[in-house]
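Here are the chains, one letter per residue:
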Amino acid sequence: MVASAAVRLFGMWASPAVRRVEWALKLKGIEYEYIEEDLSNKSSSLLEFNPINKQVPVLVHNCNPIVESLVILEYIDETWKDNPILPVDPLERAKARFWATFVDVKCREESRKAFFMEGEEKEKAIENLQVQLKALDEELEGKKFFSGDHIGYTDLAVGWMTFWLGVAEEAAGFKANYDVKFPNFSRWIKDFLAEPVIKDNLPPREKTVEFFRAFKQLGSCTKVNQK
Amino acid sequence: MAAEKDEIKLIGGWASPFVMRPRVALNMKGVVYEMTQETVGKKSDLLLKSNPVYKKIPVLIHNGKPICESMIIVEYIDETWSDGASILPPDPYDRSIARFWTAYVDDKIPDLIRKLRLLVKGSAEAEVEAEKLNAALQLLEEAFEKCSKGKGFFGGDDIGYLDIAFGSQLGWIKAVEKIVEIKFLDKEKIPGLVAWSERFCAHEAVKEVMPEADRLVEFTKMLLSGSFAK
């Protein structure tokens, strides 16, 4: 076990990107100190550790800051080698990274549009999101998790869709993910959320829906303050 | 370790900075490969089959298995041909810095280039986008100071992951300099990066695959005139 002072995580309770890092730390059994940030009034520490993006999560290990949640996941896997979250084989690693960036860039973009926009633009975003969900559904054919029998890097990367997509749908009044259309994906969501490390580390649903409802009212298509 | 009778194919295009990335990586590893040139406006069946999700170049096909997304391919190359010099630095913290700045480059630079290459020199819009590119380059200048630790490349003594990610954009940066007639690689403003860019472009693994700025300017004209088949 690592001494808690050596590992610090700056986060925000509603952020999926922060939870992603927490899931990885807990899977590895790494002790850490968590610092909750008020994103409307960022601490001087956060701004010092992440001056470029000024976002959460930021992992600080032995006073070195690491930012961008997927970069943090790779760092965690390379630094604490027990219970690896990335596969060993280079081709499998490339596939894992491929799906992670697909979800982080493409699915997040369409989800954001479906969330913030209205009318035709909203409909188009939902349509695009469903094409993406189909691709994810097909990738899960014959597999319990994206990473195989146990959750790994890809599951942690796609994991925000198991909870926050539903939250976004409820808060913004749209539906993209249907169990009947994406049966493998739907099954994966249940299995992922049943994992102890995950189910014990999710924000309260009602509070998160409220938060996102308020967030939607704040403005149009602005960037979410977390990566 | 790669097998003895390896079949390595790269689906690409000479003008794409993203295709250039795996080419530099393969060159650094001394790996022989075959590149197929995609026709602009008409995607090949091989591309559509190998990258059904994005339908974009580059795609590396290694013994029949496709790998997509340029920096993912670079990392795959580094991990597969692991003898000799490594493209990613050995230390996890240095790796995270290289990955962070690569994400920054990809977030800012290609979009700015795509906008700038369509703009008219002297226009207000060109000034606005040029300011953004200059600001990004200024940050990358500071990153270079920190990452290079006094040596010639972001990766230290030799080209590394971030050199490849950012250096591959240099052809297009020089092309938009000509299109909007604004100097971005200005040694008064970003001396470290200007010197680095010269070293990068002269590198053995880079010089044959870096597209010339004039040729990219012509390419842009053809894109705008709709010369490419649909």
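Rules of the game
- The numbers attached to residues start from 1 for each chain and follow its sequence in the written order.
- All chains are assigned letters beginning with A, and all ligands numbers beginning with 1, in the order in which they are written.
- A pLDDT threshold of at least 70 governs which residues receive local features in this predicted model, and a stricter bar of 80 or more applies before side-chain atom pairs are shown or counted, although totals over entire chains, interfaces and linings include all residues.
- Just so you know, side-chain values use all the structure's heavy atoms and leave hydrogens and water out.
- Runs of E in the DSSP output that reach at least two residues are strands. Runs of H or I that reach at least four are helices, and both are numbered from the N terminus.
- Radius of gyration means the value over C-alpha atoms here, while the globule rule gives 2.2 Å times the residue count to the 0.38 power.
- Only protein chains enter the calculation, and the probe is 1.4 Å; a residue is then buried if its accessible area is under 20% of its type maximum, exposed if over 50%, and partly exposed in between.
- In what follows, residue pairs with any heavy atoms lying within 4.5 Å of each other are defined as contacts.
- UniProt positions are given in the numbering used here, feature names are shortened, and annotations may be inferred rather than shown by experiment.
- By nonpolar core we mean a set of buried residues, namely Ala, Val, Leu, Ile, Met, Phe, Trp, Tyr and Cys, connected to one another through side-chain atoms within 4.5 Å.
- Note that the domain bounds reflect an automated or database-derived domain assignment.

Engineer: Explain the overall build of chain A to me, using residue names and the numbers behind them.
Structural biologist: Within chain A, the secondary structure is distributed over 10 helices and 4 strands. Starting at the N terminus and ending at the C terminus, chain A contains elements arranged as β-α-β-α-β-β-α-α-α-α-α-α-α-α. Here chain A has a C-alpha radius of gyration of 17 Å; the compact-globule value for 227 residues is 17 Å, and the two agree. Reported as C-alpha extents along the three principal axes, the dimensions of chain A are approximately 50 × 45 × 30 Å. Within chain A, the fraction of its 227 residues that count as buried is 55%.

Engineer: Kindly report on the environment of B:Ile190, identifying the contributing residues and their values.
Structural biologist: Residues and elements named next belong to chain B. Along the chain, Ile-190 turns up in the loop between helix 7 (170-180) and helix 8 (191-202). For Ile-190, a relative accessible area of 2% translates into the label buried. In this structure the C-alpha to C-alpha distance between Ile-190 and Ala-25, which are 165 residues apart in sequence, comes to 26 Å. For Ile-190, the contacting residues outside a window of four places in its chain are Leu-137, Gln-138, Glu-141, Phe-184 and Leu-185.

Engineer: Account for the UniProt feature "domain: GST C-terminal" (unreviewed entry) in chain A, naming residues and giving values.
Structural biologist: Residues given the UniProt feature "domain: GST C-terminal" (unreviewed entry) here are residues 89-215 of chain A. Helix makes up 74% of residues 89-215 of chain A and strand 0%, and the two end C-alpha atoms of the span are 41 Å apart.

Engineer: Outline the nonpolar core, supporting the account with residue identities and numerical values.
Structural biologist: Grouped together as the largest cluster of nonpolar side chains are 157 residues, with contacts concentrated most on A:Leu59, A:Leu136, A:Met161 and A:Phe185. For this core, the leading source of residues is helix 4 (residues 90-116) of chain A, giving 12 residues. Each of domain 1 (8-80) and domain 2 (92-220) of chain B gives at least three residues to this core.

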